[in-house]
Protein chains: 2
Amino acid sequence: MHNRKRLLIVEDDIHLGFLLMEFLESEGFQVKLCRDGQSGLSSFKKEAFDLCILDVMLPHTDGFSLARMIRTEDKSVPFLFLTARSMKEDKLQGFAVGAEDFITKPFDEEELLCRIRVILRRQSAQQMPECKPTQFQIGKYFFDYAKQELSFENTTRRLTEKENEVLRLLCLHQNQILKREEAVEKIYGRQDYFLGRSFDVFISRLRKMLRQDPSIQIENVFKVGFILNVE
Amino acid sequence: MHNRKRLLIVEDDIHLGFLLMEFLESEGFQVKLCRDGQSGLSSFKKEAFDLCILDVMLPHTDGFSLARMIRTEDKSVPFLFLTARSMKEDKLQGFAVGAEDFITKPFDEEELLCRIRVILRRQSAQQMPECKPTQFQIGKYFFDYAKQELSFENTTRRLTEKENEVLRLLCLHQNQILKREEAVEKIYGRQDYFLGRSFDVFISRLRKMLRQDPSIQIENVFKVGFILNVE
DNA sequence: GCACTTGTTAATGAGCTGTTAAAGCAAGGC
DNA sequence: GCCTTGCTTTAACAGCTCATTAACAAGTGC
């Protein structure tokens, strides 16, 4: 249905913004143009986009802060930053936020287009047709991902968002190795030492929650990941 | 799999090549440096890499041609091109070949590092459609590479990462010689005396694990390698 | 015999992991 | 604004794993 990829552009320079929008629309993209971080974020909350193109220099909220806020909404949407200056610090900060790419103004439209396509190509390569289950039997436990609930016998507890995500990944890989790297990437949208440790904390919490049925366990595979073992 | 990501750098400028190699090795990557397309391609055929960093200007074969040849070997390995000129045509051609990114010399090492990480992050997130088998029958044993498990009758043991890799190589060469050099290169990405000895230690461990079925054995071929013999 | 390669075992230590607690942070109420 | 509340991330520390190294025995081929 929606073959046309949806781009969110946040750019305060009206002239450049319109040029960009027209060019990208002529290339077959569906483009939403916002002029500041506020409206960018609220647009993002309302609709789904395949890629965000953010100017680094924006009134009120800068592009990086906006990216962080969008990232809390969506863990996987890619960012591409536009920057007037070719400043190293900017770039490093941007990549830390999870940027896919940087384009320094003035830029060549064809090149921008190529880079957009590279990002989207990568993106679509990993989007598998998802019709994944949302309910899981784990030994004597019952886990409802959609309801964010974990039940054991007659008691039910509500999971937090992250607990829910981690447990779901484990369940989808039941009795198979869930690779650390893959899990962290899926949950946080990027990798670093602390995110890995944070992930470990959730494993620890889930182990505690699942302790009542000794036939199930979350086993570590050294340097590789974890397995949810269910007999 | 291997933790340290493997990079293939093809760069004819020896000075730059070494700088790059040292920098990236200090950042924890496993780097193979080649000085021309020929050796780059043959290295690629021997070992698996996670990313190819190719200079556009190379003697004999240019970077784009090399990329095309590598692409026929491997449909998914990402490319990153190094270019002295910031030429639009170059970039467009590069993206057409399937480039993930372009870095214009002189470049900042930190930025290059970020861009490498962005590419690898995406790469690792998507499930590699594994074409090689991951399950093997070895005499009375059953080896599951994906689960890192070795079973005999009703007992199953979990292998370590390296044990798993070595056993897989042996299985892929079942009843054929697995050359020392090739094995060490595939597992460690480089060669030296101690790595060879370490490899021997794994052979010894695997022999011990596989002792319960006398019809299989890991035989040494003096100065050449090993054979996993299965009747 | 000699120079080497290989087999095996054991010890070491870098770097992972498990866990708890404290700090950070956002959202909602007042 | 300010406090409360609930969740996530960071920090800290203890404990553990496993690849590598070393050391020595045994095998190979000249």
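Above this text you will find the structure in question.
Below is a short write-up of the structure.

## Quick notes on the overall build of chain A
Here's step 1: Secondary structure summary: chain A contains eight helices and twelve strands in total.
Here's step 2: Residues classed as buried in chain A amount to 31% of the 231 residues present.

## So, the interface of chain A and chain B
Here's step 1: On the side of chain B, 22 residues touch chain A, which itself brings 25 residues to the contact.
Here's step 2: Elements represented by at least two residues in the side of chain A that touches chain B include exactly α4 (88-97), α5 (109-126) and α7 (180-188) of chain A.
Here's step 3: Sort the elements by how many residues they give to the side of chain A that touches chain B and α5(A) lands first, with seven residues.

## Quick look at the protein's contact with DNA strand C
Here's step 1: Residues in contact with DNA strand C amount to 19 residues; listed here are only the nearest, D200(A), S204(A), N220(A), S204(B) and N220(B).
Here's step 2: Only α8 (193-209) of chain A together with α8 (193-209) of chain B provide two or more residues apiece to the surface near DNA strand C.

## Quick notes on the nonpolar core
Here's step 1: One finds C52(A), I53(A), L54(A), L7(B), C52(B), I53(B) and L54(B) to be the most contacted residues of the largest nonpolar core, which totals 67 residues.
Here's step 2: The residues touching I53(B), leaving out its near neighbours within four places in the chain, are L7(B), L8(B), I9(B), L80(B) and L82(B).
Here's step 3: Counting residues in hydrophobic clusters, the runner-up holds 16 residues, among them L159(A), L167(A), L178(A) and I227(A).

## A few points about the sheet that holds strand β7 (residues 141-144) of chain A
Across a sheet, paired strands are connected by hydrogen bonds in the backbone, their directions being either parallel or antiparallel.
Residues and elements named next belong to chain A.
Here's step 1: Across the sheet, four strands lie side by side as β6-β7-β8-β9; this open sheet has antiparallel pairing. Each having just a single partner strand, β6 (135-138) and β9 (155-158) make up the two edges of the open sheet. Strand-to-strand twist of the sheet, defined as the mean angle between neighbouring strand axes without regard to direction, takes the value 20°.
Here's step 2: Here four bridges tie β7 to strand β8 (residues 149-152), and the two strands are oriented antiparallel to one another.

## Re the protein's contact with DNA strand D
Here's step 1: If you check the shell around DNA strand D, you find 20 residues, and the closest are T160(A), K162(A), F194(A), T160(B) and F194(B).
Here's step 2: When residues of the surface near DNA strand D are traced back to their parent elements, those giving at least two are α6 (161-172) and α8 of chain A together with α6 (161-172) and α8 of chain B.
Here's step 3: When residues in the surface near DNA strand D are grouped by element, the largest group, five residues, is from α8(A).
Here's step 4: Split into classes, the residues belonging to the surface near DNA strand D amount to eight nonpolar, four polar and eight charged.

The rules behind each value
- Residues numbered from 1 in each chain as written.
- Chains lettered and ligands numbered in written order.
- Predicted model: local features only at pLDDT ≥ 70, side-chain atom pairs only at ≥ 80, totals over all residues.
- Helix = DSSP H or I, 4+ residues; strand = E, 2+ residues; numbered from the N terminus.
- Buried ≥ 20, exposed ≤ 12 C-beta atoms within 10 Å, placed from the backbone.
- Contact = placed C-beta atoms within 7 Å.
- Near = placed C-beta within 6 Å.
- Core = buried A, V, L, I, M, F, W, Y, C linked by C-beta atoms within 7 Å.
- Pairing = 2+ DSSP bridges.
- Axes fitted to C-alpha atoms, helices over the stretch in contact; angles between N-to-C directions.
- Nonpolar A, V, L, I, M, F, W, Y, C, P; charged D, E, K, R; others polar.

These values are about where atoms sit, not about what they do.
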